[in-house]
Amino acid sequence: MENRVEKKRVTNDEGFTLIELLVVMVILGLLAALVGPRLFGNVDKANVSATKTQVEMLGSALDAFRLDVGRYPSTAEGLNALITNPGIDGWNGPYLKKNVVPNDAWKKPFQYQSPGSHGEYDLFSYGADGTPGGDGFNKDIDSWQ
């Protein structure tokens, strides 16, 4: 007895047509176009809020430095004086939890001057555009306002 295996042609009518796939892609594109700008607007707001919080946190660290040393770090010493003793008597740091001076939410360093034009020190970020001035998300975020 011979064992014969017959090959049958199998047709598969299941699956998606090209038209169906294109329709789904168009719908997904429309949803992304409607929802995307709203999500990115929230990212900009979050960056501004995070930078304001960082300015306040750095201000608290500067105040702790002043309590120990009797003055704020000079412009030359900069914010690094909050994590590394620049050779000052009374320094009892580091004054930042992570031993690193953070950048603003746009990955740019904070600007620091002491004495400042608006007080004993000026601490600020140039905002999203990284240049002085600006409106909206490009507006400077500072310690004196």
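Residues numbered from 1 in each chain as written. Predicted model: local features only at pLDDT ≥ 70, side-chain atom pairs only at ≥ 80, totals over all residues. Heavy atoms only, no water.

Please explain the pairing of strand 2 (residues 122-125) as it appears in this structure.
Moving residue by residue along a regular strand, the side chains alternate between the two faces of the sheet. Of the two faces of strand 2, the one carrying Asp-122 and Phe-124 and the one carrying Leu-123 and Ser-125 are both buried. Inspection of the sheet shows strand 1 (residues 111-113) paired to strand 2 by three bridges, in the antiparallel sense. Following the sheet pairing, Gln-113 is matched in strand 2 by Asp-122. (Buried < 20%, exposed > 50% of the residue type's maximum accessible area, 1.4 Å probe, protein only. Helix = DSSP H or I, 4+ residues; strand = E, 2+ residues; numbered from the N terminus. Pairing = 2+ DSSP bridges.)

Please clarify how the nonpolar core should be interpreted in this entry.
Nonpolar side chains in soluble globular proteins tend to be buried together. Membership of the largest hydrophobic core comes to 23 residues, with the highest contact counts inside it found for Leu-62, Phe-65, Leu-79, Leu-82 and Leu-123. Examining the composition of this core, we find that seven residues originate from one element, helix 1 (residues 18-69), more than from any other. Leaving out residues up to four positions away in the same chain, Leu-62 has contacts with Tyr-72, Pro-73, Leu-79, Leu-82, Tyr-112, Tyr-121 and Leu-123. (Core = buried A, V, L, I, M, F, W, Y, C linked by side-chain atoms within 4.5 Å. Contact = heavy atoms within 4.5 Å.)

What is the right way to read a nonpolar patch on the surface from this model?
Together, Leu-18, Ile-19, Leu-22, Val-23, Val-24, Met-25, Ile-27, Leu-28 and Leu-31 give the surface a local cluster of nonpolar side chains, amounting to about 900 Å² of exposed area. Turning to its location among the elements, Leu-28 is positioned in helix 1. (Patch = residues over 30% accessible without salt bridge, like charges linked within 9 Å, V, L, I, M, F, W, Y side chains within 5 Å. Areas by Shrake-Rupley, 256 points an atom, 1.4 Å probe, with all protein chains shown as cover. Salt bridge = Lys/Arg side-chain N within 4 Å of Asp/Glu carboxyl O.)

How should the sheet that holds strand 2 be read in this particular structure?
By definition, the strands of a sheet pair up through backbone hydrogen bonds, in either a parallel or an antiparallel sense. Reading across the sheet, the three strands line up as 1-2-3 and stay open at both edges, with antiparallel pairing between neighbours. The sheet terminates laterally at strand 1 and strand 3 (141-142), the two strands that pair on one side only. In terms of strand pairing, strand 2 meets strand 3 through two bridges, oriented antiparallel. Within strand 3, the residue paired with Phe-124 across the bridge is Asp-142.

That's the geometry; what it means functionally is another story.
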